[in-house]
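Reading the structure
Take a look at the letters that make up each chain.
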Amino acid sequence: VNEREQLLNLYITKDIITDVRTIKKDGKKVSVSLTLAPEIDAAYIKDIATRTEGCAGRDLKQLTEKLRAQCYLTDDLVITKALCERELKRMAQT
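This brings us to the pattern of salt bridges. In the structure shown here, the tally under the stated rule is seven salt bridges. Where Arg 68 meets Asp 15, a salt bridge forms, and the shortest distance between an N and an O atom there is 3.9 Å. Remark: Asp 15 occurs in helix α1 (residues 2-17) and Arg 68 occurs in helix α3 (residues 57-72); sequence separation between them is 53 residues. For the pair Arg 68 and Asp 15, one class covers both residues: buried. Taken together, the shared-partner salt bridges in this structure form one network comprising Asp 15, Lys 61, Glu 65 and Arg 68.

If you want it as structure tokens, here you go:
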């Protein structure tokens, strides 16, 4: 669990928190970044690490990449618990 928790924190920082992109909005280029909802805290990340027992680091990396991609499709650019739960459910089905 600790190793998966560390990997999740690393991938969340790398793939989500520090990811800044330039997009066109209303004809102007603007820099945008994603944020985590307050409900995505250390306890929730530990819960994800526990629930993903048996997953490889590559699976966790793919999870954070899918979260990032799905979040860029939202208007507010915030990763919520609901978004995480949806991706975790998809991950469990494969």
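Moving on from the coordinates now.
Moving on to the environment of Val 1. Structurally, the position occupied by Val 1 is in the segment before α1. Relative accessible area serves as the criterion here: at 40%, Val 1 is assigned to the partly exposed category. Counting along the chain gives 49 residues from Val 1 to Thr 50, while the straight-line C-alpha distance between them is 5.7 Å. When residues no more than four places from it in sequence are discounted, the contact partners of Val 1 are Ala 49 and Thr 50.

Another aspect to go through is the environment of Ile 23. As for its placement among the helices and strands, Ile 23 is situated in strand β1 (residues 20-25). On the basis of relative accessibility, which here comes to 34%, the residue Ile 23 falls in the partly exposed class. Beyond its immediate sequence surroundings of up to four residues, Ile 23 is in contact with Lys 28, Lys 29, Val 30 and Val 32.

Within β1, only zero of the six residues are buried, leaving the element largely exposed. Across six bridges, the pairing between β1 and strand β2 (residues 28-33) is antiparallel. Looking at β2, one finds that Arg 21 is bridged to Val 32. If you look at the hairpin formed by β1 and β2, you'll find two residues sitting between the two strands, and Asp 26 has a positive phi there, around 55°.

Parameters at a glance
- Residues numbered from 1 in each chain as written.
- Predicted model: local features only at pLDDT ≥ 70, side-chain atom pairs only at ≥ 80, totals over all residues.
- Heavy atoms only, no water.
- Salt bridge = Lys/Arg side-chain N within 4 Å of Asp/Glu carboxyl O.
- Helix = DSSP H or I, 4+ residues; strand = E, 2+ residues; numbered from the N terminus.
- Buried < 20%, exposed > 50% of the residue type's maximum accessible area, 1.4 Å probe, protein only.
- Contact = heavy atoms within 4.5 Å.
- Pairing = 2+ DSSP bridges.

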